[in-house]
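# Structural characterization, general
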Amino acid sequence: MWSLRKQVVNQVKIEEVIGRYIDLKRVGKSYKALCPFHSEDTPSFFVSPERKIYKCFGCGATGDVIDFLMRFLKVNFDRAVKILVEDFNVQADTEKRKELNAYEELAKLYHEELYKHPEALKYLQSRGINEETVSQWQIGYAPTDRNLYLRILKRHTKFDPFAGRVVIPITDVGNVVGFIGRAIDGRNPKYLLSEENEFFKKSALLFGYDIAQQYIKEYGYVMLVEGPMDVILLHQHGFSNTVGLMGSSLSDEQAFLIERATRNVVIALDDDEAGRSGMFKAVAKLLKKDMDVRVLMLPDELDPADMCVKGMWSSEYVIENTITSVEYVYRTLVEIEPVNRTNRLALAKEFARYITNPATYDEYVQLISEREKLPVEKLYDYFMKSKDSKKRVFKKTEHKSEAEVQETESEGPTAEEVFVVMSLRHPDLLHWNVQLESPWEELKQRIKNNQLTDEDKQLLEQLQLEMANFVFPDKEYLYRRLRQKQLKRALASIDEKIKLASGEEKVRLVIEKTKLLKEMGGVWYGDER
C-alpha cells in the first residue's frame, strides 16, 4: 500500500536522522542511547535500522523516523516530512499525489449529494448523527442515477459500488484513500468497503485515527471499537480519542499505530461471537507490546453506537464497566474451560507468554493464584517454563496432570542474570540480604560501588538485549529464589564438612544444617531483608 509516510521512511536511514539529534552507540545490528523522551541513567532507547523503527524499553516510546521528528522537534506530520525532504534528499511522488486528489474530489461530490437525498439525511438523523458531525466527517451519499465513482476515479465499473448508500470517507494522514458505504434500506452487506488499492489496505489503517491522534495524547488513552458508526457517534459524545478496526480483528499494523500514539488502551468490541474472539486476540496482541489494556464490557446485543442512540453511553458507564485485561482473560478462560482446572491452568500458562509488562504479569499470576487457590511461587515456576512459540493461545490444550503444574522448573535466564539486569533499574535490590553465586556477587558489588569495568558494561548491555522481551518476575519472588539458591549452596558446603567431621564438631554442623533446612523451608513465607 502506497503512502507518503512509507515512501519517505523507506528513503532514509533512521539511524542517520536520529543520530543527528542524539548520540547513538552501535550494539550489534542496532543502536542504543539515553532516551530523549524521559530521564534515565542507563540507555534503554534502541534504534533498529533493519526494521526502521526506534523503541525505548523504559518509557515505551516507539515509532518510525517521522514519529521521532514529530515528538523530538514538536512538529506536525507535514513539517516532519518537509525536514526530511529538505535535509535528507527525500523525493516525494507528485503523480501519486494527483491520484489521491481524485479521491478527495469524489468525497466532496458525495458530501454535496447527501443534501439532495432526504432518505439519507433521515437515516443519519435516526442514528443520532447531528449536522456538525456530518460536516466534520464529510459524510456523503452515492446517487443511483449517476456513476460519480467512474467519472472521478476513472474506474471501469458499470455501476457505482456505493450507489444508494451513505458514504463515509476513509482517511490516512489527512488524505482520502477509500470509502465505507452504509446500507440504509436493509440490504446486505450492511457495510461495504472500497477495494484495497495502492493507497488503501484495511488492515493497515484505523478508522478515525487522523482525528483521534491529538485527543489520544490529551486524554492519555485510546478507545478501540469496531465500526465507523461507533467511532463517529463516540466522537460526537465527547470520546474523541476513539478509533475503529473496520472489523473485529486487530492486525499487527493497526497495533503498531496504537503503540505509536499511546500505551493505554480501552477495548470495546461488540458482544457477539466475532467481537469476543477479536477482543481476546486484541488483548493478547497489545499485552505482548507491553501496553496497559482494559476491556469495556458492553450490554448484550448492543454496540457503542446503539448505546449512544439509546442514551446509555456516558463517562460513568465507561468507568463502572471497564475491567483489567487480566480479569477479562481469566473470565474468558473460565468460559472456555469451566470444569477442568488443570486444562484451565494450561490455557492460562499459554496466555502468560503474551504478557511482557512485569506489573501486569504479577497481577495476572496473583489473580489466578487467588481464584484457583494455588501458591503464587508454584504458578511462577509453571508459567515461566518455555513453550513452543508456534502453539496458539486460542486453542484448547492437551490434558496436563496436576503434578506438572506443581513440579515444573523455569527455563531461560538464570536468577542471577535477571537480578543484575533488574538492579540497573531498581538499585534497592543491591541492598538485599542475599549473596549471589560467583562471579555474580562480585559483579553486584561493582554495580553497587559504581566501579564497572568495560567488560562488565559489555556483559550488561548484552544481557539487556537478550532480555528485551523477557517477562521479569516480581521482586519478592526473585528475592526468595536467590535466597533459596544461597541456602542450597550453604547446605552443600555443610554436607561436605559433615563427611570429614567427628565428635562435637559434627554435632555442631548437624545442628547448623537443621537450622538451614528450617530456614529454607520458610523462605517462601517471610521477608528477611
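Quick caveat, the model's predicted, so the values are computed rather than measured.

Grouped together as the largest cluster of nonpolar side chains are 54 residues, with contacts concentrated most on Tyr110, Leu124, Ile139, Phe179, Met223 and Trp313. For this core, the element with the most residues is helix α5 (residues 94–114), which contributes eight residues. Excluding residues that lie within four positions of it along the chain, Tyr110 makes contacts with Gly140, Tyr141, Ala142, Leu148, Tyr149, Asp160, Phe162, Val167 and Phe179. Counting 52 residues, the second-largest nonpolar core is a separate cluster that includes Val243, Leu257, Leu345 and Leu374.

A separate point is the confidence of the model for the chain. On average, residues of the chain score 84 in pLDDT, and 89% of them are at 70 or above. Across the chain, element-level confidence peaks in strand β11 (residues 242–244) with a mean pLDDT of 97 and bottoms out in helix α19 (residues 402–407) with 39. Scored below 50 in pLDDT, residues 386–411 makes 57 contacts in the model with residues more than four places away or belonging to other chains. When the criterion is pLDDT under 50, residues 523–529 qualifies, and its contacts beyond four places in sequence or with other chains add up to 21 contacts.

At a minimum axis separation of 12 Å, helix α16 (residues 341–352) and helix α17 (residues 358–372) run at an interaxial angle of 175°. When the axes of α16 and α17 are compared, the pair comes out roughly antiparallel. Of the residues in α17, those in contact with Arg341, Arg344, Leu345, Ala348, Phe351 and Ala352 of α16 are Tyr361, Tyr364, Ile368 and Glu372. Here the contact of α16 with α17 is composed, by residue class, of seven nonpolar, no polar and three charged.

Spatially, the five strands line up as an open sheet ordered β1-β2-β3-β4-β5, and their pairing is antiparallel. Only two strands of the sheet have a single neighbouring strand rather than two, namely β1 (25–27) and β5 (62–63). The pairing of strand β2 (residues 30–33) with strand β3 (residues 45–48) spans three bridges and is classified as antiparallel. Its bridge partner being in β3, Ala33 is matched across the sheet by Phe45.

Bringing the side chain of Gln464 into the picture now. Topologically, Gln464 is positioned in helix α22 (residues 454–466). Under the relative-accessibility criterion, Gln464 is labelled buried at 18%.

It is worth spelling out the sheet that holds β11 at this point. Taking strand neighbours across the sheet as the criterion, the five strands line up as β11-β10-β12-β13-β14 in an open arrangement whose pairing is mixed. Strand pairing shows two members of the sheet lacking a second neighbour, β11 and β14 (322–324), which therefore form its edges. Pairwise comparison of adjacent strand axes, ignoring direction, gives a mean angle of 30° for this sheet. Pairing geometry for strand β10 (residues 222–225) and strand β12 (residues 264–267), over three bridges, is parallel. Each residue of the ladder has a partner; that of Val222, found in β12, is Val265. Where helix α10 (residues 228–236) meets the sheet, its contacts fall on β10 and β11, and the angle it forms with β11 comes to roughly 170°.

Another point: helix α4 (residues 77–87). Listing the buried residues of α4 in full gives Phe77, Ala80, Val81, Ile83 and Leu84. The arc that holds the buried residues of α4, viewed along the axis, is 155°, so those residues lie on one side. Summarising the contacts, the buried residues of α4 are in contact with α1 (4–9), α2 (14–19) and α3 (65–73). Note on α4: the residue one or two positions beyond its end, Asn89, has a positive phi of about 55°.

The next point concerns empty space enclosed by the protein. Here the structure, examined in full by the defined rule, presents two cavities of 30 Å³ or more. Looking at the second largest cavity, its volume works out to about 30 Å³. Lys55, Gly60, Glu259, Arg263, Lys289, Asp290 and Met291 together form the lining of the second largest cavity. Each residue belonging to the lining of the second largest cavity can be placed in one class, and the counts come to one nonpolar, one polar and five charged.

We now examine the pairing of strand β4 (residues 53–56). Both β3 and β4 contribute to a ladder of four bridges, which runs antiparallel. Among the inter-strand pairings, Phe46 is bridged to a residue of β4, identified as Lys55. Once β3 ends, the chain turns through four residues before running back antiparallel as β4, passing Lys52 with a positive phi of about 60°. Alignment of β4 against β5, held across two bridges, turns out to be antiparallel.

Looking now at the state of the cysteines. Applying the stated criterion across every chain, the model contains zero disulfides. For the unlinked cysteine Cys35, the closest cysteine sulfur is that of Cys56, found at 3.6 Å. You can call Cys35 buried: its relative accessible area is 7%.

Pairs can form between side chains of opposite charge once their charged atoms are near each other. Taken as a whole and judged by the stated rule, the model has 26 salt bridges. Here Glu113 makes a salt bridge to Arg146, at a shortest N to O gap of 2.5 Å. A residue pair is termed long-range when its members are at least 10 positions apart, and Glu113 in helix α5 and Arg146 in the loop between β6 (140–141) and α8 (148–153) qualify at 33 residues. Glu113 gets classed as buried once you look at its relative accessible area, which sits at 3%. Using a relative accessible area of 36% as the deciding quantity, one classes Arg146 as partly exposed.

The next subject is the layout of surface pockets. Considering only enclosed or pocket space, the second largest pocket measures out at about 820 Å³ in volume. Lining the second largest pocket are 31 residues, with Arg5, Asp64, Asp172, Leu257 and Arg260 sitting closest to its centre. Elements that contribute at least two residues to the lining of the second largest pocket include exactly α1, α4, β7 (165–172), α9 (209–219) and α11 (252–261). Counted by class, the lining of the second largest pocket contains 12 nonpolar, seven polar and 12 charged residues.

The rules behind the values
Residues numbered from 1 in each chain as written. Predicted model: local features only at pLDDT ≥ 70, side-chain atom pairs only at ≥ 80, totals over all residues. Heavy atoms only, no water. Core = buried A, V, L, I, M, F, W, Y, C linked by side-chain atoms within 4.5 Å. Buried < 20%, exposed > 50% of the residue type's maximum accessible area, 1.4 Å probe, protein only. Helix = DSSP H or I, 4+ residues; strand = E, 2+ residues; numbered from the N terminus. Contact = heavy atoms within 4.5 Å. pLDDT = per-residue confidence, 0-100. Axes fitted to C-alpha atoms, helices over the stretch in contact; angles between N-to-C directions. Parallel < 35°, antiparallel > 145°, perpendicular 65-115°, else oblique. Nonpolar A, V, L, I, M, F, W, Y, C, P; charged D, E, K, R; others polar. Pairing = 2+ DSSP bridges. Arc of directions from axis to C-beta. 1 Å grid on protein atoms, 1.4 Å probe; cavity = no way out; pocket = protein on both sides within 12 Å on 5 of 7 lines; lining within 4 Å. Points joined across faces, edges and corners; volume = space filled by probe spheres on them. Disulfide = S-S within 2.5 Å. Salt bridge = Lys/Arg side-chain N within 4 Å of Asp/Glu carboxyl O.

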